[in-house]
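Notes for the structure review
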Amino acid sequence: IVVSISQFFIGFTNIVNGFSSGLGKNGILSRIQAIGSLIALPTCWLLLRGQTFVGMILAIIAVSISSAIPAYYFYKKSFFKIRLPSWPPDWRKFKKLTPYTLMLLVSAFAFPVTEMWIRQSLIESSGYQQAGLWQGSIKISSAYIGFFGTFLSFYFMPRLSSTADKLVIARLTFKMAAILMTTFSIGATLFYLYRDQLILIALSSKFSDLGNVIIYQLAGDFFKIGAYVIGFVAVAKAAVRLYIIAEIFQNAIFIALSYVLTNGSLSLSGIMREYVYTYA
């Protein structure tokens with residue numbers, strides 16, 4: 001019940017963030033995120049004090065909805081008051097959202113399904129410990145990939161959407177790819193040098209063996225960042241066919257490589273190498 005109610009707060013925050021991003025008000029966007037995080041910290045601390053399972057779940061929800069408070073404040077101060085739509089709704093506007101809905105649905109299903117298939121195959125071939133280590137590497141990866149994804153969503157995509165000049169789009173895309181891939185390379189190098197300490201902080205001592213193969217995750221994510229930049233061009237220009245084909249293709253390649261190159265007997269290092277090949 002709490003999770004379902006929280007969706008309204010998350011949805012409202014996304015609307016305010018979307019308007020702010022679309023209008024180039026990145027300062028407002030940053031303040032919403034920063035203030036939301038400051039509100040979430042003491043709330044999470046209180047909920048986690050009892051170390052209960054329910055408290056843990058509520059703490060995760062608190063992180064998701066805390067940004068709704070500053071979002072509401074900036075919404076009240078803004079000029080883009082959100083009005084209730086008239087009835088019947090303007091279906092032409094809904095139709096314009098269809099391409100983005102299709103792309104989102106494909107993304108929402110493609111990698112999770114691929115991940116479940118590989119995880120189950122890894123469990124059957126190498127056991128739960130190896131599958132757990134792989135899930136740990138994905139969890140670490142999601143943390144920093146999420147940062148780049150947020151930056152691209154709220155800074156890069158609005159700039160792409162506002163221009164139709166192909167030369168400008170190409171220049172902006174290559175510039176963004178160069179900046180992000182260079183930034184990631186520096187961060188990944190530091191992460192690899194201090195991997196043992198950082199894995200201990202991010203996960204636990206039970207994941208210490210991950211340090212032996214984390215280099216593959218970092219290499220794969222380097223190429224993934226580059227693919228992300230190109231992918232956002234497809235999203236900004238609603239290139240639905242290209243986006244869907246690419247999304248299905250990369251996940252199919254990942255599964256195929258995982259099966260073919262390991263002769264059906266999956267291992268942790270094998271899966272992580274195939275991850276690099278897929279995004280390269």
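Details of the structure are given in the entry above.
Residues numbered from 1 in each chain as written. Predicted model: local features only at pLDDT ≥ 70, side-chain atom pairs only at ≥ 80, totals over all residues. Heavy atoms only, no water.

**Concerning unusual backbone geometry**
The condition is simple: Starting at the N terminus, helices and strands are each numbered in turn, a helix being any DSSP run of H or I of at least four residues and a strand any DSSP run of E of at least two. For the exposure calls, accessible area comes from a 1.4 Å probe over protein chains only, and a residue counts as buried if that area is under 20% of its type's maximum, exposed if over 50%, partly exposed in between.
Its identity as a non-glycine residue notwithstanding, Gln51 has a phi of 55 degrees, on the positive side. On the secondary structure map, Gln51 appears in the loop between α2 (26-48) and α3 (53-65). The class of Gln51 is exposed, set by a relative accessible area of 71%.

**Describing the packing of aromatic side chains**
Selection criterion: Pairing of aromatic rings covers Phe, Tyr and the six-membered ring of Trp, with a centre-to-centre limit of 6.5 Å; geometry is then stacked below 30 degrees between planes, edge-to-face above 60, and tilted otherwise. Whether a charge lies above a ring is judged from NZ of Lys or CZ of Arg, which has to be within 6 Å of the ring centre and within 35 degrees of the ring normal.
In total, this model carries 12 aromatic pairs according to the counting rule given. Grouped by ring-pair contacts, the aromatic residues Tyr144, Phe147, Phe148 and Phe184 constitute a single cluster. In this arrangement the basic side chain of Arg195 is found over the ring face of Tyr192, its NZ or CZ atom lying 4.0 Å from the centre. Taking the ring centre of Phe111 as reference, the NZ or CZ of Lys224 above it sits at 5.4 Å.

**Some thoughts on the pattern of salt bridges**
One side chain can pair with another of opposite charge once the charged atoms of both are near each other. Selection rule: The term salt bridge refers to a pairing of a side-chain nitrogen on Lys or Arg with a carboxyl oxygen on Asp or Glu at a separation within 4 Å.
Applying the stated criterion across every chain yields a total of 1 salt bridge. Among the ionic pairs, Arg119 bridges to Glu115, the shortest N-O distance being 3.9 Å. Here Arg119 and its partner Glu115 are both found in helix α5 (residues 91-126), 4 residues apart, which amounts to about one turn of the helix. Of the residues examined, Glu115 reaches a relative accessible area of 15% and is grouped as buried.

**What about a nonpolar patch on the surface?**
Short version of the rule: Residues enter a patch when their relative accessible area is above 30% and they make no salt bridge; the linking distance is 9 Å between like charges and 5 Å between nonpolar side chains (Val, Leu, Ile, Met, Phe, Trp, Tyr). Residue burial considers only the protein chains on display, and all accessible areas are found by Shrake-Rupley using a 1.4 Å probe.
A grouping of Ile186, Leu190, Leu193, Tyr194, Leu198 and Ile201 is seen on the molecular surface, where their side chains present a nonpolar patch of about 640 Å² in accessible area. Those elements that place two or more of their residues in the nonpolar patch are α7 (166-193) and α8 (195-202). Top contributing element to the nonpolar patch by residue count: α7, with 3 residues. By the element assignment, Leu198 lies in helix α8.

**Let's talk about the layout of surface pockets**
Space left empty within the atom packing is revealed by a probe, the size of a water molecule, rolled over the atoms. Cut-off, in case you're wondering: The method works on a 1 Å grid over the protein atoms by themselves. A cavity is a set of points holding a 1.4 Å probe that cannot get out, a pocket is an open set with protein on both sides within 12 Å along at least five of seven lines, and residues with an atom within 4 Å of a point line them. Grid points are joined across faces, edges and corners, and a volume is the space filled by probe spheres set on the points. By the convention adopted, Pro, Cys, Tyr, Trp, Phe, Met, Ile, Leu, Val and Ala count as nonpolar, Lys, Arg, Asp and Glu as charged, and the other residues, Gly among them, as polar.
Counted as a void, the second largest pocket has a volume near 490 Å³. Surrounding the second largest pocket, Asn26, Leu29, Ser30, Gln33, Lys139, Ala143, Gly146, Phe147, Thr150, Phe151, Phe154 and Tyr155 form its lining. Put simply, the parts of the chain that give the lining of the second largest pocket at least two residues each are α2 and α6 (128-161). Residue contributions to the lining of the second largest pocket peak at 8 residues, all from α6. Broken down by class, the residue content of the lining of the second largest pocket amounts to 6 nonpolar, 5 polar and 1 charged.

**With respect to the environment of Gly11**
Along the chain, Gly11 turns up in helix α1 (residues 2-22). Separated by 220 residues in the primary sequence, Gly11 and Gly231 have C-alpha atoms spaced 24 Å apart.

**Examining the nonpolar core**
Across soluble globular proteins, nonpolar side chains have a tendency to be buried as a group. So the rule is basically this: In this description, a nonpolar core means a group of buried Ala, Val, Leu, Ile, Met, Phe, Trp, Tyr and Cys residues linked to one another through side-chain atoms lying within 4.5 Å. Every residue pair with non-hydrogen atoms within 4.5 Å of one another is taken to be in contact.
Ranked by size, the top nonpolar core spans 40 residues in total, and within it Trp134 and Phe156 carry the most contacts. Elements supplying a minimum of two residues to this core: α5, α6, α7, α9 (214-236) and α11 (268-279). Looking at this core element by element, the count peaks at 11 residues for α6. The residues contacting Phe156, other than those within four sequence positions of it, are Phe151, Leu172, Thr173, Met176, Val229, Phe232 and Val233.

**Details of empty space enclosed by the protein**
On inspection of all chains with the given rule, the structure shows 1 cavity of 30 Å³ or more. Approximately 30 Å³ is the volume found for the largest cavity. Lining of the largest cavity is provided by Phe111, Gln250, Asn251, Phe254, Tyr275, Thr278 and Tyr279. Of all elements in the fold, only α10 (240-260) and α11 reach the threshold of two or more residues within the lining of the largest cavity. Across the lining of the largest cavity, the residue classes break down as 4 nonpolar, 3 polar and no charged.

**Quick notes on α3**
Basically, it comes down to this: The length a helix should cover is 1.5 Å for every residue beyond the first. What the arc describes is the spread of directions from the helix axis to the C-beta atoms.
Taking 1.5 Å as the rise per residue, α3 with 13 residues should run 18 Å; its terminal C-alpha atoms sit 19 Å apart, in good agreement. Within α3, the full set of buried residues consists of Gly55, Ala59, Ile61 and Ala62. Each buried residue of α3 lies within a common arc of 165 degrees when the element is viewed along its axis, so the set occupies one face. Exposed residues lying more than 90 degrees from the buried face of α3 are Phe53 and Ile60. Against the buried residues of α3 lie α1 and α2.

**Re the packing of α9 against α11**
In plain terms, the rule: Comment: axis = line fitted to C-alpha atoms, over the contacting stretch for helices; angle = value between 0 and 180 degrees taken between N-to-C directions. Oblique is the label for any angle not covered by the other classes, which are roughly parallel (under 35 degrees), roughly antiparallel (over 145) and roughly perpendicular (65 to 115). Should the near helix be turned counterclockwise from the far one by less than a right angle, the crossing is left-handed, whereas a clockwise turn marks it as right-handed.
Running from N to C, α9 and α11 point in directions that differ by 20 degrees, and their axes come no closer than 8 Å. Relative to α11, the element α9 is oriented roughly parallel. As for the relative orientation of α9 and α11, their crossing is left-handed in sense. Along the contact surface, α9 presents Ile214, Tyr216, Gln217, Ala219, Gly220, Asp221, Phe223, Lys224 and Ala227, while α11 presents Ser269, Met272, Arg273, Tyr275, Val276 and Tyr279. Taken together, the residues that form the contact of α9 with α11 break down as 9 nonpolar, 3 polar and 3 charged.

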